[in-house]
Amino acid sequence: MGTLLNINNLKTHFFSSGRTIRALDGVSFHIEEGEVFGLVGETGCGKSVTALSILRLIPFPPGKIINGEILFRGRNLLSLQEDEMRSIRGQEISMIFQEPMTSLNPVFRIGDQMMEVIMLHQKLNRSRAFEKALEMLQRVHIPDADRVVKQYPHQLSGGMRQRVMIAMELSCHPFLLIADEPTTALDVTIQAQILRLIKEIKKELQTSILLITHDLGVIAEMCDRVAVMYAGSIVEEAKVEEIFEEPKHPYTQGLWGAIPRVDQEKEALVVIPGMVPDLSQPPTGCKFHPRCPYRFDPCDQKKPPLFPLSPGHLVSCYLYEEGKSHE
């Protein structure tokens, strides 16, 4: 096993009406082969922009990747030509979006859309591509796949459409699957089925997964390691077990404290005071410091780096500089 994806100091900005919106401000993390890596945080923290940056799908204008490295299997994706990136998208890196109805073309049958991807990347003829599409629909446990392959997206339920998207994105056996809030638009029962399916497919194909979500329950169930994002930066990264047992960053502690627990039903949930900052005018220093109950002198002056607490556990907080600790 080795490192599949290594992102270093990634900065993606959007330019609008004379303003610069720093959607990603120095994001760094890595994903190992066969690993499920979680990216968690509030809406607007930069999770989806990270995914789109990896695939170089940031629309320009108004967006632009202005700095950093995205090393995938030893190649810097930011230095590749567009035709080289096009061959990677869908074949080596695939992405499942939040709402499959916006990803599937409503005027083409399911089979035709799957066959187009398979024929493009695997160079199969139409007959073999149809067989492959049917096989993938059966692999994701779609009942009566012979009928579904001839249907249009609007004829399927949300859960069925998400299964189709999973089948399509895995049809070329990618090295990395990016799942961007894959269960958001689904009811609880279907969510559980989709997560179980992703787990099953990951085990079978040994595909690495970048799982983007705001649902901490999904992170706990699915991931090996997790990074917590806030206002375009990663504030904490660790193994899932470690970060759930001992969250260190004040923002992470606030998120974890807001999870309802059946064994503490009479206790009030934690509320993080204040608002998420405007990324066109972010606060100096640590972006969380205006909302942090533990802030002190350095916090509003200089952005803290990721301090190592233990092997694999990193925290962007001055409380943990040079042996400082916080209880």
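It should be emphasised that the depicted structure is a prediction, and the values quoted were computed from it without experimental measurement.

Chemist: So what's going on with the layout of surface pockets? Residues and values would help.
Modeler: Size it by volume and the largest pocket reaches roughly 560 Å³. Gly90, Ser103, Val117, Met168 and Glu169 are, among the 21 residues lining the largest pocket, the residues nearest its centre. Within the residue set of the lining of the largest pocket, elements represented by two or more residues are strand 6 (93-96), helix 3 (110-122) and helix 6 (158-170). Per-element tally for the lining of the largest pocket: the top contributor is helix 3, with 6 residues. When grouped by side-chain class, the residues that make up the lining of the largest pocket number 10 nonpolar, 6 polar and 5 charged.

Chemist: Please set out helix 4 (residues 126-139) residue by residue, giving values where relevant.
Modeler: Taking 1.5 Å of rise per residue, the 14 residues of helix 4 would be expected to cover 20 Å, and the 20 Å separating its terminal C-alpha atoms lies within 8% of that figure. Turning to helix 4, its buried residues are Ala129, Lys132, Ala133, Leu134, Met136 and Leu137. Residues of helix 4 that are buried make contact with helix 3, helix 5 (145-148) and helix 6. Regarding helix 4, its N-cap is Asn125, as a side-chain oxygen of that residue lies 3.3 Å from the backbone nitrogen of Ser127 further along.

Chemist: A description of the pairing of strand 8 (residues 208-213) should follow, citing residues and the corresponding values.
Modeler: Here strand 8 lies mainly inside the structure; 6 of its 6 residues are buried. Of the two faces of strand 8, both are covered, the one formed by Ser208, Leu210 and Ile212 as well as the one formed by Ile209, Leu211 and Thr213. Here strand 3 (residues 36-40) runs beside strand 8; their pairing, made up of 5 bridges, is parallel. The residue of strand 8 that forms the bridge with Phe37 is Leu210. Pairing geometry for strand 7 (residues 176-180) and strand 8, over 5 bridges, is parallel. If you follow Leu176 over to strand 8, its bridge partner there is Ser208.

Chemist: Give a description of the packing of helix 3 against helix 4 that names residues and reports values.
Modeler: Put simply, helix 3 and helix 4 touch, their axes get as near as 9 Å, and they point 115° apart. Between helix 3 and helix 4 the crossing geometry is right-handed. The segment helix 3 lies against helix 4, with Asp112, Met114, Met115, Ile118, Met119 and Gln122 engaging Arg126, Ala129, Phe130, Lys132, Ala133, Met136 and Leu137. In the contact of helix 3 with helix 4, the residues fall into 9 nonpolar, 1 polar and 3 charged.

Chemist: Hey, could you go over the pairing of strand 9 (residues 225-230) for me, with residue numbers and the actual values?
Modeler: By the criterion of burial, strand 9 is predominantly enclosed, with 6 of the 6 residues buried. Along strand 9, one buried face is formed by Arg225, Ala227 and Met229 and the opposite face, lined by Val226, Val228 and Tyr230, is buried too. In terms of strand pairing, strand 3 meets strand 9 through 4 bridges, oriented parallel. Counterpart to Gly38 in the pairing with strand 9 is Val226. Here strand 9 hands over to strand 10 (residues 233-239) after 2 residues, with Ala231 in that stretch at a positive phi of 50°.

Chemist: Explain unusual backbone geometry residue by residue, including any values.
Modeler: Cis peptide bonds are those with omega within 30 degrees of zero, and the linkage from Phe60 to Pro61 qualifies with -10°. Among the secondary structure elements, Pro61 is positioned in the loop between helix 1 (47-54) and strand 4 (63-72). Phi is positive for Lys123, close to 55°, though the residue is something other than glycine. For Lys123, a relative accessible area of 66% translates into the label exposed. Here the phi dihedral of Asp144 falls at roughly 55°; this positive angle occurs in a residue that is not glycine.

Chemist: Quick rundown of the sheet that holds strand 2 (residues 19-32)? Include the residues and the values.
Modeler: Read across the open sheet, the 4 strands follow the order 2-1-4-5; overall the sheet is antiparallel. Only two strands of the sheet have a single partner each, and these edge strands are strand 2 and strand 5 (75-76). Strand direction decides the pairing type here: strand 1 (residues 3-16) and strand 2, joined by 11 bridges, are antiparallel. Following the sheet pairing, Thr3 is matched in strand 2 by Glu32. Sheet strands in contact with helix 1 are strand 1, strand 2 and strand 4, and its direction is about 110° off that of strand 1.

Chemist: Account for the nonpolar core, with residues named and values stated.
Modeler: Core analysis: the largest hydrophobic core is formed by 57 residues, its most contacted members being Met114, Leu137, Ile166, Leu211, Val228 and Tyr251. Among residues more than four places away in sequence, those in contact with Met114 are Ala133, Met136, Leu137, Ala167 and Met168. Among the nonpolar cores identified, the runner-up in size contains 33 residues, and Ile7, Leu24, Ile54 and Ile178 belong to it.

Cut-offs and rules
Residues numbered from 1 in each chain as written. Predicted model: local features only at pLDDT ≥ 70, side-chain atom pairs only at ≥ 80, totals over all residues. Heavy atoms only, no water. 1 Å grid on protein atoms, 1.4 Å probe; cavity = no way out; pocket = protein on both sides within 12 Å on 5 of 7 lines; lining within 4 Å. Points joined across faces, edges and corners; volume = space filled by probe spheres on them. Helix = DSSP H or I, 4+ residues; strand = E, 2+ residues; numbered from the N terminus. Nonpolar A, V, L, I, M, F, W, Y, C, P; charged D, E, K, R; others polar. Expected span 1.5 Å × (residues − 1). Buried < 20%, exposed > 50% of the residue type's maximum accessible area, 1.4 Å probe, protein only. Contact = heavy atoms within 4.5 Å. Polar contact = N/O pair within 3.5 Å; in protein donor to acceptor, adjacent residues only side chain to side chain. Pairing = 2+ DSSP bridges. Axes fitted to C-alpha atoms, helices over the stretch in contact; angles between N-to-C directions. Left-handed = near helix turned anticlockwise from the far one by under 90°. Core = buried A, V, L, I, M, F, W, Y, C linked by side-chain atoms within 4.5 Å.

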